[in-house]
Amino acid sequence: MSGPYQWARIVSGPQNRKTRPILAYTLRRLVILLFSLLVAAVVLFILLRLLPGDPANALLGVGATEAQIASARAQVGSDQPLYVQFISFISNLARFDLGTSFVSRASVVEEIGNRLSVTLPLTILGFVAALIIAVPLGIIAAVRSTKWYGAAISVISQLGIAIPVFWVGILLVSLFAINLRLLPSGGFPLKGWANLGEASTAMILPVLTISLVMSASMLRYVRAATLEVLGSDYLRTARALGSSFPEALIRHGLRNGAVPVISILGIELASTFLGAVVIERVFSLPGLGSMLLLAIQQRDYPNVQGVLFISTLLVLLIGFAADLTQRIVDPRLRDRGAGTP
Amino acid sequence: MSLISRRNLLVATLLASAAFSPLAFAQDYDADATIRIGSLYEPQNLDNTAGAGQGINEAFNGNVYEALFQLTDAGTVEPKLSADYKVSEDGLTYTFTLKDGVTFHSGEPLTAADVKYSIERVTAETSKSSRKKSLSTITSIETPDDKTVVITLSARSISLPYNLSYVWIVNDKAADITATEDGTGPYKLEEWRRGSALSLARFDGYWGDKPTNGEVVYQYFTDATALNNALLTNAVDVITSVQSPDSLAQFTGNSAYTVTEGASTTKEILAYNDRVAPFDNVKVRKALARAVDKAKLLNSIWGDYGTLIGSFVPPTDPWYVDLTGVDAYNPDSAKELLTEAGYPDGFEFTIDTPDYDPHPLVAQFLQSEFAKVGVKANINIITANEWYTKVYQEKNFQATLQEHVNHRDIVFYGNPDFYWGYNNPEVVKLIAGAESAGSVDEQTAKLTEANKIIAEDAASNWLYLYPQIVVSASNVTGYPVNGLNSQFFAYGIQKAK
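Bear in mind the structure is a predicted one, so any value in this text is a computation, not a measurement. (Residues numbered from 1 in each chain as written. Chains lettered and ligands numbered in written order. Predicted model: local features only at pLDDT ≥ 70, side-chain atom pairs only at ≥ 80, totals over all residues. Heavy atoms only, no water.)

Undergrad: Run through the overall build of chain B, naming residues and quoting values.
TA: Broken down by element type, chain B carries 12 helices and 20 strands. Viewed in the frame of its principal axes, chain B has a C-alpha envelope of about 70 × 55 × 35 Å. Within chain B, contacts between residues at least 6 apart in sequence are counted, and of these 72% link residues at least 24 apart. Surface accessibility of chain B: about 18200 Å² in total, with carbon and sulfur atoms responsible for 50%. Charge-centre separation for chain B: the mean point of 39 positive side chains lies 2 Å from the mean point of 62 negative side chains. (Helix = DSSP H or I, 4+ residues; strand = E, 2+ residues; numbered from the N terminus. Contact = heavy atoms within 4.5 Å. Areas by Shrake-Rupley, 256 points an atom, 1.4 Å probe, with all protein chains shown as cover. Lys, Arg positive; Asp, Glu negative; His and termini not counted. Charge placed at Lys NZ, Arg CZ, Asp CG, Glu CD.)

See below:
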């Protein structure tokens, strides 16, 4: 064991204290997660009912008679008093029964599963690609901040933050699809991922769009965290104890720098997921976002509730995973209980 | 076919019917080709009586399902599954004989029981079909044998064959058709991925002429630009209905694409609530009609496309007459009429405006036109769903913008309970009388008369008729150009080898 490792151990504290607090923290955090989910469901229910309009309208056209309107309202249950609707909503939710769509009459869970097969790969691939771009460039921008290319990376990333994501999408389509004819401009194959080749090519431009935009802000965080590490006492100490600069940076700097970045990444991943809504529209992808937009237009309550409930769950889970990862990476946080870092 | 202006509508229709003939390109097309159709109108389910939206007509009418009669792309009503029919002297009993050799996609033969079942699906208590009302005179459907259907009516109904063209004939053993189908059409449903695409494969057991292609894929887009890009990148072969004239520049004057303008039935109107002041005053309505430069409005929205209309009736309805001169643009006379009506200083009112194109733009244009004659219009943007509750059901509005897509829908003016509340006993009588007319000529005469009266009354402010623009790759021909009632018959489409 070299000197710097000994030093790191002193900071982390005794090893046997590691597992129990993490377990307790996880449990506490899970309770909070379930509670947040319940609150989100109630808020959702209320907000949806506050919107003007009626879900029965989506089933009807101009020319419908009074009797037809009444029958449509009875079919979707919008003629019931709010408290009756609320009780059935909560009791179904407790059984994880998201119901069937008013309009398409398809099972909401099944449909969400179908849509997630587009949105999840899009989010995850976009996020990973953004990380691959942002981490090395962010570190270079910090370490070489005095060089012209370090400054250039900084400036370009600032520009990236300012550009709206749909605009990047349109630019990429115009370049790669319309002018160069290299990639499809949008849409998703009828057979989905069973047609792996076409499905993958359909994903390239959307993933590229997300990763370009997301990497710009991520790069800023990585750069800031790295700059902080560079100016830290422990890095200087590690250097003094004989580590080379890259060795010190990788062994001590990365882990320390990662702590603030991870909590930001949790938020970024969640916003990548939500940003996929916009991207799905630009590229006409059959994901969760396009399902949600249509469901809102039609006041298709089961679909809206289902999508928002699952999205909330995913976002909460991402936050949960980020907090947990942060505690694994940084032992100092483990004793601090359930509060946000 | 190249770009066809609205002045050459007739030419477009003639060319289209030529293209429709299977003989025209008999040697040159690929009989097994896959035709990829790009559209913005994805059906929400597969049942046209359960809120599936206009997309289901586009994909399934005539392609997957057939009816006793068919509304053709030219606007005529032709027999389809009905081989022959007789009407009793009093006009109350229709006896239909069904075509021989027709089978459903499931292999079951077509019988009279299927027809009875299918009509009752539309007239049923729980039916959401907008056609339910027009079939309300049916009192009984009998099936004396497998090939004969006898429909008895409570009152004469000259449009019965026309109304039956909207009734899909479904196998009576098919319980739920919201996600599957069992029709008699030239295509059967192959696969449907919600939010993405729907494919139809040629049905080998079809009773009639075989389609001139092997497969049709409707590819759905949520964004008009994405749809246009798909055609530009050869991801689709044809776009069913272009909704923005700006995008047409990419296709016109390019020999790789064909742009056609057909006759649409979609009317953009400013409907007043004729029950409430000041719109219960015909002079006010006429004044507001004269205050709007509709040619300028149409041009600003659609450029050289689209058609001006002087009433609710488009040129493809048999009772069309050119009424654009009745309340032609004349702001000075609009001001005079307002003074005569007791509003020398104008008045203020609110236009409930659906939040989607082109309504907000149209509302702004109207606002500035009305301001020139001293009338202040406020714009209240609402969603389509809210429109249905507030305007259509509760009739709680002063004026509203809406696009009315249906063919032959002047009958709405004969219903004083309709959302716009136009109530002229003479028109009510004419429209009811037209339905119980003894001949098509009598029906046409009565509706023409009603048409002239609603125009004189300025019952609503009819702004313009949308163009129906189809763009295709130039190697694809034979598609319908008019798209009446949103139909898009795919069986005549040919793709050059």
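Undergrad: If you had to explain the packing of helix α6 (residues 148-162) of chain A against helix α8 (residues 196-230) of chain A to someone new, which residues and values would you point to?
TA: Residue and element names in this part refer to chain A. Following both chains from N to C, one finds α6 and α8 inclined at 135 degrees, their axes separated by 7 Å at the closest point. When the axis of α6 is compared with that of α8, the two are oblique. Where α6 crosses over α8, the handedness of that crossing is left-handed. Along the contact surface, α6 presents I153, S154, S157, Q158, G160 and I161, while α8 presents A216, S217, L219, R220 and R223. Grouping the constituent residues of the contact of α6 with α8 by class yields 4 nonpolar, 5 polar and 2 charged. (Axes fitted to C-alpha atoms, helices over the stretch in contact; angles between N-to-C directions. Parallel < 35°, antiparallel > 145°, perpendicular 65-115°, else oblique. Left-handed = near helix turned anticlockwise from the far one by under 90°. Nonpolar A, V, L, I, M, F, W, Y, C, P; charged D, E, K, R; others polar.)

Undergrad: How would you sum up the packing of aromatic side chains? Please name residues and give values.
TA: Residues and elements named next belong to chain B. Scanning the model with the defined rule gives 42 aromatic pairs over all chains in all. Between F60 and Y65, the ring centres sit 5.9 Å apart and the planes meet at 55 degrees, which makes this aromatic pair tilted. Each of the two residues, F60 as well as Y65, counts as buried. Ring geometry for F397 versus Y419: centroids 6.0 Å apart, planes at 50 degrees, classification tilted. In this pair, F397 sits in the loop between α10 (384-393) and β16 (399-404) while Y419 sits in the loop between β16 and α11 (425-435), placing the two residues 22 residues apart along the sequence. Neither residue differs from the other here; F397 and Y419 are each classed as buried. Through a chain of ring-to-ring contacts, the aromatic side chains of F312, W387, Y388, Y392, F397, F412, Y413, F418, Y419, W420, Y422 and W462 assemble into a single cluster. When the ring centre of F312 is taken as origin, the NZ or CZ atom of K267, which lies over that ring, is 4.8 Å away. (Phe/Tyr/Trp six-rings, centres within 6.5 Å; stacked < 30°, edge-to-face > 60°. Buried < 20%, exposed > 50% of the residue type's maximum accessible area, 1.4 Å probe, protein only. Lys NZ or Arg CZ within 6 Å of the ring centre and 35° of its normal.)

Undergrad: Requested: an account of helix α5 (residues 108-143) of chain A, with residues and values cited.
TA: Between its first and last C-alpha atoms α5 of chain A spans 50 Å; for 36 residues at 1.5 Å apiece the expected length is 52 Å, and the two agree. The largest bend in α5 of chain A is about 40 degrees, located at L116 of chain A. (Expected span 1.5 Å × (residues − 1). Bend = angle between axes of the 7 residues up to and from the residue.)

Undergrad: I'd love a proper account of the UniProt feature "domain: Solute-binding protein family" (unreviewed entry) in chain B, names of residues and values included.
TA: UniProt marks residues 76-402 of chain B with the feature "domain: Solute-binding protein family" (unreviewed entry), using the numbering shown here. In the segment residues 76-402 of chain B, helix accounts for 24% and strand for 24%; the C-alpha atoms at its two ends are 26 Å apart. (UniProt positions renumbered as here; feature names shortened; annotations may be inferred.)

Undergrad: Describe a nonpolar patch on the surface, and please don't skip the residues or the numbers.
TA: A surface patch of nonpolar side chains, amounting to about 590 Å² of accessible area, comprises F35, V39, V43, I46, L47 and L50 of chain A. Of note, V43 of chain A is situated in helix α2 (residues 19-50). (Patch = residues over 30% accessible without salt bridge, like charges linked within 9 Å, V, L, I, M, F, W, Y side chains within 5 Å. Salt bridge = Lys/Arg side-chain N within 4 Å of Asp/Glu carboxyl O.)

Undergrad: Give me the lowdown on the nonpolar core, citing residues and values where you can.
TA: Ranked by size, the top nonpolar core spans 60 residues in total, and within it I112 of chain A together with Y413, Y419, W420 and I454 of chain B carry the most contacts. With 5 residues, the single largest contributor to this core is helix α12 (residues 301-329) of chain A. Dropping the residues within four chain positions of it, W420 of chain B is found in contact with I269, A271, Y272, N273, D274, R275, F312, F397, H404, F412, Y413 and S460 of chain B. Judged by nonpolar contacts, the second largest core, of 48 residues, contains L231, L232, F279 and L298 of chain B. (Core = buried A, V, L, I, M, F, W, Y, C linked by side-chain atoms within 4.5 Å.)

Undergrad: Before we move on, can you summarise the sheet that holds strand β1 (residues 34-39) of chain B with the specific residues and values?
TA: All names here are of chain B. Ordered in space as β8-β9-β10-β1-β11-β18-β12, the 7 strands form an open sheet in which the pairing is mixed. Sheet topology places β8 (187-193) and β12 (257-262) at the edges, where each strand pairs with a single neighbour. Where β12 and strand β18 (residues 468-473) come together, 6 bridges link them in antiparallel fashion. Residue pairing in the sheet places Y257 in a bridge with A473 of β18. (Pairing = 2+ DSSP bridges.)

Undergrad: Give a detailed account of the confidence of the model for chain A, specifying residues and quantitative values.
TA: Residue and element names in this part refer to chain A. Averaged over chain A, the pLDDT score is 84; the fraction of residues at 70 or greater is 92%. Considering each helix and strand of chain A separately, the mean pLDDT is smallest for helix α1 (residues 3-12), with a value of 42, and largest for α5, with 92. Counting contacts from residues 1-16, a segment whose pLDDT is below 50, to residues more than four positions away or on other chains yields 10 contacts. For residues 337-341, every residue scores under 50 in pLDDT, and the model assigns this stretch 12 contacts once sequence neighbours within four places are set aside. (pLDDT = per-residue confidence, 0-100.)

Undergrad: Could you give an account of empty space enclosed by the protein, with specific residues and numbers?
TA: Counted under the stated rule, the structure contains 4 cavities of 30 Å³ or more. In this model, the largest cavity occupies a volume close to 140 Å³. Only α5 and α11 (288-298) of chain A provide two or more residues apiece to the lining of the largest cavity. When residues of the lining of the largest cavity are assigned to their parent elements, the largest contribution, 4 residues, is made by α11 of chain A. For the lining of the largest cavity, the class distribution of residues is 6 nonpolar, 6 polar and 5 charged. Considered as a void within the structure, the second largest cavity measures approximately 80 Å³ in volume. Lining of the second largest cavity is provided by N61, G62, Y65, E66, A67, F69, Q70, K80, S165, W168, Q487 and F489 of chain B. The class makeup of the residues in the lining of the second largest cavity is 5 nonpolar, 5 polar and 2 charged. (1 Å grid on protein atoms, 1.4 Å probe; cavity = no way out; pocket = protein on both sides within 12 Å on 5 of 7 lines; lining within 4 Å. Points joined across faces, edges and corners; volume = space filled by probe spheres on them.)

Undergrad: So what's going on with the packing of α5 of chain A against helix α10 (residues 245-282) of chain A? Which residues, and what values?
TA: Residue and element names in this part refer to chain A. Contact geometry for α5 and α10: axes closest at 9 Å, N-to-C directions at 145 degrees. Where α5 crosses over α10, the handedness of that crossing is right-handed. Across the interface between the two elements, T119, L122, T123, F127, L131, I139 and V143 of α5 pack against F245, L249, L254, L265, E268, L269, T272, F273, A276, I279 and E280 of α10. Looking at the contact of α5 with α10 residue by residue, the classes come out as 13 nonpolar, 3 polar and 2 charged.

Undergrad: I'd like to hear about unusual backbone geometry, residue by residue, with values.
TA: Going from A277 of chain B to P278 of chain B, the amide bond is cis rather than trans, its omega being 0 degrees. Position of P278 of chain B among the secondary structure elements: in the loop between β13 (267-272) and α6 (282-290). Here the bond from D357 of chain B into P358 of chain B is cis, since omega is 0 degrees, no more than 30 degrees from zero. Here P358 of chain B shows up in the loop between β14 (348-354) and α9 (359-372). If you check the backbone angles, R181 of chain A has positive phi at about 55 degrees while not being a glycine. For K395 of chain B, which is not a glycine, the phi torsion comes out positive at approximately 55 degrees. Here K395 of chain B shows up in the loop between α10 and β16.

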